[in-house]
Amino acid sequence: MTKHITDCTILNNGVTMPWLGIGTYKAKGKEVQQAVETALEVGYRSIDTASVYGNEEEVGQAIASSGVARNELFVTTKLWNDDQGFDSTLRAFEASQKALGLNVIDLYLIHWPGRDQYKETWRAFERLYSEGSVRAIGVSNFQVHHLRDLIDEGGTVPAVNQVELHPGLIQQELQDFCGEQGIQLEAWSPIMKGKLNQDSTLKGLAQKYGKTPAQIILRWDIQNQIVTIPKSVTPERIRENADIFDFELTPDELRQIDALDADKRTGPHPDQLFWD
Ligand SMILES: NC(=O)c1ccc[n+]([C@@H]2O[C@H](COP(=O)([O-])OP(=O)(O)OC[C@H]3O[C@@H](n4cnc5c(N)ncnc54)[C@H](OP(=O)(O)O)[C@@H]3O)[C@@H](O)[C@H]2O)c1
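Conventions adopted
- Every chain is numbered independently, its residues counted from 1 as its sequence is written.
- The predicted nature of this model means local features are confined to residues of pLDDT at least 70 and side-chain atom pairs, given and counted, to a pLDDT of 80 or more, with totals for whole chains, interfaces and linings taken over all residues.
- As a convention, hydrogens and water are excluded, and side-chain values are obtained from all of the structure's heavy atoms.
- Two strands make a pair as long as DSSP finds a minimum of two bridges between them.
- Strands are runs of DSSP state E lasting at least 2 residues, helices are runs of H or I lasting at least 4, and numbering of each runs from the N terminus.
- The contact criterion used throughout is that any non-hydrogen atoms of two residues lie within 4.5 Å.
- For every element, the axis is a line fit to its C-alpha atoms; helices are fit only across the contacting stretch, and the angle between N-to-C directions ranges from 0 to 180 degrees.
- Residues are said to line a cavity or pocket when one of their atoms sits within 4 Å of a point; the points come from a 1 Å grid over protein atoms alone, cavities being sets where a 1.4 Å probe fits but cannot get out and pockets being open sets with protein on both sides within 12 Å along at least five of seven lines.
- Grid points are joined across faces, edges and corners, and a volume is the space filled by probe spheres set on the points.
- By the convention adopted, Pro, Cys, Tyr, Trp, Phe, Met, Ile, Leu, Val and Ala count as nonpolar, Lys, Arg, Asp and Glu as charged, and the other residues, Gly among them, as polar.
- Residues belong to one nonpolar core when they are buried, are Ala, Val, Leu, Ile, Met, Phe, Trp, Tyr or Cys, and are joined through side-chain atoms within 4.5 Å.
- Buried residues are those whose accessible area, probed at 1.4 Å on protein chains only, stays under 20% of the maximum for their type, while exposed residues exceed 50% and partly exposed ones sit between those limits.
- This arc corresponds to the set of directions leading from the helix axis out to the C-beta atoms.
- In this text, near means that some heavy atom of the residue lies within 4 Å of the molecule or strand in question.
- Throughout this description, a polar contact denotes any pair of N or O atoms lying within 3.5 Å of each other; where both atoms belong to protein, one of them has to be capable of donating a hydrogen while the other can accept it, and for residues adjacent in sequence the pair is counted only when both atoms sit in side chains.
- By definition, a pocket or cavity contains a molecule when more than half of the molecule's atoms lie within 2 Å of the pocket's grid points.

As annotated in an unreviewed UniProt entry, the protein carries the name Glyoxal reductase and comes from Paenibacillus silvae.

Set out below in structure tokens:
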């Protein structure tokens, strides 16, 4: 049973990654800096950012001022779509390193697959990994067919796939495929931005355990071996989202939550987001 906020999964290259992290999408300036500072005080040790969020600098400042040892932290950032390609990836990575003020990034992700550049981009990711500038490389918003295509190249198997995943979109086929291939699945918009708070199944379980619907969902993620990164800039919610390590859902309850699947996305479908 996952019992502590610093408990980790072991990625396919042996690197450990906390099951819980803080998301930072749409949080900027002082607001994101304070949110990350609060999260680190609460005990979070994993932070998810991306170059396109425009907040890597503030995230880096919060890390620097926290006093938490660098080797206790797990920092993820992502390559934005316009920067796909070999040389442009290396340049974009350097910009992220500089903005975050970190020489080594724990996890670097291709933010969206797009149409046909991700293989070339992946070669740059493999270069960064072999140089030791990143501890693990992965992808985001990859469907099974994108993963198959990349794996068929015979290179490094992505360590992580970060996708939209919540009880309204459980992506069972992708969960199964990632499980078989040793790719750690990570949920973005895990609490569906608070939209599931009124669901009666989740409310019933929340009542049973003295928790909130958001906490029930985050616990469901972890018991399903899914890394989760709820975003909040609100101190009480940052604490609430981390208070999920003192109860255990039953197998039947996990299935009840799975049954809420409605194939409902809040973000774009990865097969429809192109920029070229
Ligand atoms: N790879 C990708 O393409 C991708 C896409 C989207 C997101 N992400 C990552 O995943 C992270 C999480 O996703 P997300 O930010 O889209 O959605 P989310 O974490 O599901 O929801 C965040 C929203 O829910 C609110 N909230 C937080 N905790 C709550 C709680 N306990 N009860 C009720 N409401 C709560 C937050 O408000 P306050 O902040 O006002 O408290 C915020 O409006 C992002 O921040 C980002 O790091 C990645």
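What follows continues from the structure just given.
**Quick notes on the sheet that holds strand β4 (residues 46-48)**
Reading across from one edge, β3-β4-β5-β6-β7-β8-β9-β10 is the order of the 8 strands in this open sheet, with parallel pairing throughout. Only two strands of the sheet have a single partner each, and these edge strands are β3 (22-23) and β10 (227-228). Relative to strand β6 (residues 105-110), strand β5 (residues 74-79) is paired through 4 bridges, and the arrangement is parallel. Opposite Leu79, over in β6, you have Ile110 as the bridge partner. With respect to the sheet, helix α4 (residues 118-131) is in contact with β5, β6 and β7 (134-140), its orientation differing from that of β7 by roughly 165°.

**Focus: the layout of surface pockets**
Of the volumes computed, that of the largest pocket is approximately 860 Å³. For the largest pocket, the lining is made up of 37 residues, of which Tyr25, Trp188, Ser189, Lys193 and Lys231 are closest to its centre. Looking at the lining of the largest pocket, the elements with two or more residues in it are α8 (213-223) and α9 (235-242). Classifying every residue of the lining of the largest pocket gives 15 nonpolar, 15 polar and 7 charged. Lining the second largest pocket are 15 residues, and of these Gly179, Ile183, Gln184, Leu185 and Gln225 lie nearest its centre.

**Here's the deal with the nonpolar core**
Taken as a class, soluble globular proteins show a tendency for nonpolar side chains to be buried jointly. Of all hydrophobic cores here, the largest spans 78 residues; its most connected members are Leu11, Tyr44, Tyr108, Leu147, Ile216 and Trp220. It is α8 that provides the largest number of residues to this core, a total of 6 residues.

**Notes on helix α10 (residues 251-258)**
Residues separated by three or four positions in an α-helix point in the same direction, a consequence of the helix having 3.6 residues per turn. Buried residues of α10: Glu253, Leu254 and Ile257, and no others. Looking straight down α10, one finds its buried side chains confined to an arc of 105°; they lie on one side. The exposed set on the far side of α10, more than 90 degrees from its buried face, consists of Pro251 and Arg255. The elements touched by buried residues of α10 are α7 (200-209) and α8.

**Considerations on the site of the ligand**
Contacts to the ligand come from 28 residues, most closely from Asp48, Ser189, Lys231, Ser232 and Thr234. One of the backbone nitrogen or oxygen atoms of Tyr25 is found 2.8 Å away from an oxygen atom of the ligand. Interatomic distance of 3.3 Å between a side-chain N/O atom of His111 and an oxygen atom of the ligand. Mapping the ligand onto the cavity grids shows that it belongs to the largest pocket. Sort the elements by how many residues they give to the shell around the ligand and α9 lands first, with 3 residues. Residue composition of the shell around the ligand, grouped by class: 11 nonpolar, 11 polar and 6 charged.

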